[in-house]
Amino acid sequence: ELWRIIGVFSVNTQSNGTQNLVKLIRNETLDGLAWHGSNTNDWSGATLQQQLNNGYYNGTDSTCNFYSSYTKTCYFSETGLNSTARNMVESVVWNLGGISSTSNTAEEFYTAERGTTVYSGRPTTWTGKVGLMYPSDYGYAVLASSCARTTNLGDYDSTACAGSNWLKTGSYQWTMTPSSSYSNNVFYVYNGGDLTYYNAYSGYGVRPSIYLNTNIAISGGTGTSTNPYTLLNAGQ
């Protein structure tokens, strides 16, 4: 399956200290799933976090929350990671900093994501293997020559911004980032391309995101959509 490169980031890994790692996002969207069936914006205990880092990561069918407490079977044996892919994924510290409004630029979201402003009692980091894109990832996925960096992500529903953004799919997409003002709201990309937030129990599109470990090498391809890079684990 096809994954896309978000960028290279300096991240803290669980076992190898700080590393510059390549961050990927799955090109295709999984079924609509609730961020947290209990409607709480704490990623460390979210039902989606558990489903992605258990059933999806291990490639085993699982019971998933598709809206609130309503469940269905997720056929992760078909859409999840296989053993080869699992060995390419690094366990890293993900940032859970929140922000109160969509009236912020990609740079302001980037800073807030790595900050400590959260709703009371929420953690500011989480360590694991499978997460989601950040609002800043979405904001920076369009050239500054097309969409001015001064544009708030809540105003991205334009041809210049969302219309030129490769992360826009035309459907709702969850991000990793919670609201710092409400206990149950999480930011997501609206189908028109702007960023907004709503209840964590809502069933929106999920595109898993991961960091490759440092043993991964390019074994072929040129990086285009018609001839994508193929990867191998050189450490095995």
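What you see is a predicted model; the values in this text were computed from it and never measured.

Enquirer: Got a minute to help me understand the overall build of the protein chain in this structure?
Expert: When helices and strands are counted, the protein chain shows 5 helices and 14 strands. Dimensions of the protein chain along its principal axes, counting C-alpha atoms only, are 45 × 45 × 35 Å. For the protein chain, the proportion of its 236 residues judged to be buried stands at 47%. Of all intrachain contacts in the protein chain linking residues separated by at least 6 positions in sequence, the fraction that spans at least 24 positions is 62%. Carbon together with sulfur atoms contributes 43% to the accessible area of the protein chain, which is approximately 10,400 Å² in total. When the 11 basic and 14 acidic side-chain charges of the protein chain are each reduced to a single mean position, those positions are 4 Å apart.

Enquirer: Help me understand the pairing of strand β9 (residues 185-189) in this model?
Expert: It is a general feature of regular strands that their side chains alternate between the two faces of the sheet. For β9, a buried count of 5 out of 5 residues is recorded, marking the element as mostly surrounded by other parts of the structure. On β9, burial covers both faces: Asn185, Phe187 and Val189 on one face and Val186 and Tyr188 on the other are all buried. Summarising the sheet, strand β8 (residues 173-178) and β9 pair through 3 bridges and their orientation is antiparallel. Bridge pairing links Gln173 to Val189 in β9. One ladder, built from 5 bridges, connects β9 with strand β10 (residues 195-199); its direction is antiparallel. Counterpart to Val189 in the pairing with β10 is Leu195.

Enquirer: Is there a simple way to explain the layout of surface pockets in this structure?
Expert: It is the rolling of a water-molecule-sized probe over the atoms that shows where space remains empty. The calculated volume of the largest pocket comes to roughly 870 Å³. Glu1, Trp3, Leu24, Tyr229 and Leu231 are, among the 31 residues lining the largest pocket, the residues nearest its centre. Those elements that place two or more of their residues in the lining of the largest pocket are β1 (3-12), β2 (18-26), α3 (83-86), β13 (216-220) and β14 (230-233). When residues in the lining of the largest pocket are grouped by element, the largest group, 4 residues, is from β2. Looking at the lining of the largest pocket residue by residue, the class counts come to 19 nonpolar, 10 polar and 2 charged.

Enquirer: What is the right way to look at the packing of aromatic side chains in this model?
Expert: Under the counting rule described, the total for this entry stands at 18 aromatic pairs. One aromatic cluster is present, formed by Trp35, Trp43, Trp94, Trp126, Tyr134 and Tyr211 through successive ring pairs. Note that Lys23 overlies the ring of Phe9, its terminal NZ or CZ placed 5.6 Å from the centroid. Between the NZ or CZ atom of Arg114 and the centre of the ring of Tyr110, over which it lies, the distance is 3.6 Å.

The rules behind these values
Residues numbered from 1 in each chain as written. Predicted model: local features only at pLDDT ≥ 70, side-chain atom pairs only at ≥ 80, totals over all residues. Heavy atoms only, no water. Helix = DSSP H or I, 4+ residues; strand = E, 2+ residues; numbered from the N terminus. Buried < 20%, exposed > 50% of the residue type's maximum accessible area, 1.4 Å probe, protein only. Contact = heavy atoms within 4.5 Å. Areas by Shrake-Rupley, 256 points an atom, 1.4 Å probe, with all protein chains shown as cover. Lys, Arg positive; Asp, Glu negative; His and termini not counted. Charge placed at Lys NZ, Arg CZ, Asp CG, Glu CD. Pairing = 2+ DSSP bridges. 1 Å grid on protein atoms, 1.4 Å probe; cavity = no way out; pocket = protein on both sides within 12 Å on 5 of 7 lines; lining within 4 Å. Points joined across faces, edges and corners; volume = space filled by probe spheres on them. Nonpolar A, V, L, I, M, F, W, Y, C, P; charged D, E, K, R; others polar. Phe/Tyr/Trp six-rings, centres within 6.5 Å; stacked < 30°, edge-to-face > 60°. Lys NZ or Arg CZ within 6 Å of the ring centre and 35° of its normal.

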